[in-house]
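Reading the structure
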Amino acid sequence: MVLQVKNLSTTFFTDKGQIKAVDGVNLDIKKGGIYGLVGESGCGKSMTLLSLLRLVPRTGKITSGEITFKDKDILKMSKRQMIAFRGKEMAMIFQDALTTLNPVFPVGEQIRESLRVHKMIEVSSSPLPWRKGRHLMRDEKKKVLSLMEEVGISSAMDRYMDYPHQFSGGMQQRIMIAIALSCNPKVLLADEPTTALDVTIQAQILNLMLKINREHGMAIILVTHDLGVTAEFCHHISVMYAGKIVEQGKTDDIIENPYHPYTKGLLSSIPKITKERKPIKPIPGNVPSLLNLPSGCAFRNRCSMAKETCGEPQAMREVEPGRLVRCNLYNGAREVG
């Protein structure tokens, strides 16, 4: 297991009260696996990724849980250790490439900066400091050009000094992937990397990530609201709602036979191309405010199968091997976590 998350909770402290954006999340990430975090906007997917790298905004705090990376407790690392850890062991592709990239620096230099921070290139000792600098710059630039070519940026030498605004949205995302790959991390966190891209460009970016996964053996955690993407791309899925994981298991099992009413609702709201016309069934109501969640199951006010007992705390239960569901309908199954 390359990454193990146990009972992770992240809370924000506001003037209106406490908001538990991530509530008791458990994840087991194996080397080379591709995992999907799925759910509506505001359910805690992106905050889960930020928590894994301890990048929670100032008003928030990781209030409980364990994050273990190859037997190392990330939550016990010092600030200096975290600086060395981010990017080298676990890297992240953020949602909006254009706002993440620095608009006043050439893209090649931004990729090179990641290499410099983590000292990935060792320079042989030399009595002349200027000679060290020349070796360093030459080797780093060679590495950057190789990364740009690997992620599909043609004419890398010519484009090294171009600025982010000179690239299309898909190419900007490729630059973000090159930065993430620069230190060859073991785990790649991808926060909706195909947002606002054309369908064909989305497919190219996802295929690139799949290629990276196969060639580097890198585990990937993909955040998305699109179950169609996870069905094609991910090995395992965790469905999130109001900060909690409500269903977890192998992708094929969940897509073919969802157990939780929320997962069923997500799948029913996806348009399907079939001979028989079937109307789209949207999930009624809205996601509740995290400041005022209903007792028990947070989905119960939108659920057509809700019972009185749904107002009680809902535990995660193993309905079948490797298949976990947080729902009152399966109270006979073994409780886990």
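Remarks on the sheet that holds strand 5 (residues 72-73)
Taken together, the four strands give an open sheet; going across it, the order is 2-1-4-5, and neighbouring strands pair in antiparallel fashion. At either margin of the open sheet sits one strand with a lone partner, and together these are strand 2 (17-29) and strand 5. Here strand 1 (residues 3-14) pairs with strand 4 (residues 60-69) via eight bridges, running antiparallel. What sits directly across from S9, in strand 4, is S64.

Section: the confidence of the model for the protein chain
The predicted coordinates of low-pLDDT regions are not to be read in fine detail. For the protein chain, the average pLDDT comes to 89, and 94% of its residues sit at 70 or higher. Overall, residues 120-134 carries pLDDT values under 50, and its contacts beyond four positions in sequence, including any with other chains, amount to 13 contacts.

Here's the deal with the state of the cysteines
A complete count under the given rule lists zero disulfides for this structure. Looking at C234, it has no disulfide partner, and the nearest cysteine sulfur is the one in C43, 14 Å off. Not engaged in a disulfide, the cysteine C297 finds its nearest cysteine sulfur in C310; these two sulfurs lie 6.1 Å apart. For C297, a relative accessible area of 15% translates into the label buried.

Considering the pattern of salt bridges
In total, this model carries 12 salt bridges according to the counting rule given. A salt bridge links E40 to R302; its shortest N-O distance comes to 3.2 Å. Within this pair, whereas E40 is found in the loop between strand 3 (34-38) and helix 1 (45-52), its partner R302 is found in the loop between helix 11 (261-268) and strand 11 (316-320), the two being separated by 262 residues in sequence. In this structure, R323 engages E247 in a salt bridge whose closest nitrogen and oxygen atoms are separated by 2.7 Å. Taken together, the residues span a long stretch of sequence, with R323 in strand 12 (residues 323-325) and E247 in strand 10 (residues 244-250) at a distance of 76 residues. No difference in accessibility class separates R323 from E247, as the two residues are buried. One connected set of salt bridges, linked through shared partners, spans E109, R112, R116 and E140.

Digging into the sheet that holds strand 11
Read across the open sheet, the nine strands follow the order 6-7-8-3-9-10-12-11-13; overall the sheet is mixed. Strand pairing shows two members of the sheet lacking a second neighbour, strand 6 (90-93) and strand 13 (334-336), which therefore form its edges. In this sheet, adjacent strand axes meet at a mean angle of 25° when their direction is disregarded. Two elements, strand 7 (residues 187-191) and strand 8 (residues 219-224), share five bridges in a ladder whose sense is parallel. Note on strand 8: the bridge partner recorded for V187 is A219. This element, helix 8 (residues 199-216), spans strand 3, strand 7 and strand 8 of the sheet and lies at about 160° to strand 8.

What to know about the side chain of T48
Tracing the chain through its elements places T48 in helix 1. The contacts of T48, once residues within four sequence positions are left out, are V22, V25, L27, L37 and M240.

Focus: helix 4 (residues 107-118)
Count 3.6 residues to each turn of an α-helix, and residues three or four apart come out pointing the same way. If you check helix 4, its first and last C-alpha atoms are 18 Å apart, about what 12 residues at 1.5 Å a residue would give, namely 16 Å. Restricting attention to buried positions, one finds in helix 4 the residues V107, G108, Q110, I111, R112, S114, L115 and H118.

Let's talk about the pairing of strand 3
For strand 3, the tally of buried residues reaches five of five residues, placing the bulk of the element in the interior. Side chains I34, G36 and V38 of strand 3 all project onto a buried face; the interleaved residues Y35 and L37 project onto the opposite face, where all are buried too. When strand 3 meets strand 8, the two strands line up parallel, connected through five bridges. Counted as the bridge partner of G36 is L222 from strand 8. Pairing geometry for strand 3 and strand 9 (residues 236-241), over four bridges, is parallel.

A look at the nonpolar core
Looking at soluble globular proteins, one finds that nonpolar side chains tend to be buried together. If you look at the biggest cluster of nonpolar residues, it comprises 39 residues, and the most contacted ones within it are L3, L52, I74, M90 and L189. Per element, the largest residue contribution to this core is six residues, and it comes from strand 2. Apart from residues no more than four positions distant in its own chain, M90 is found in contact with L3, L52, L53, F69, I74, F85, P185, V187 and L189.

Calculation notes
- Residues numbered from 1 in each chain as written.
- Predicted model: local features only at pLDDT ≥ 70, side-chain atom pairs only at ≥ 80, totals over all residues.
- Heavy atoms only, no water.
- Pairing = 2+ DSSP bridges.
- Helix = DSSP H or I, 4+ residues; strand = E, 2+ residues; numbered from the N terminus.
- pLDDT = per-residue confidence, 0-100.
- Contact = heavy atoms within 4.5 Å.
- Disulfide = S-S within 2.5 Å.
- Buried < 20%, exposed > 50% of the residue type's maximum accessible area, 1.4 Å probe, protein only.
- Salt bridge = Lys/Arg side-chain N within 4 Å of Asp/Glu carboxyl O.
- Axes fitted to C-alpha atoms, helices over the stretch in contact; angles between N-to-C directions.
- Expected span 1.5 Å × (residues − 1).
- Core = buried A, V, L, I, M, F, W, Y, C linked by side-chain atoms within 4.5 Å.

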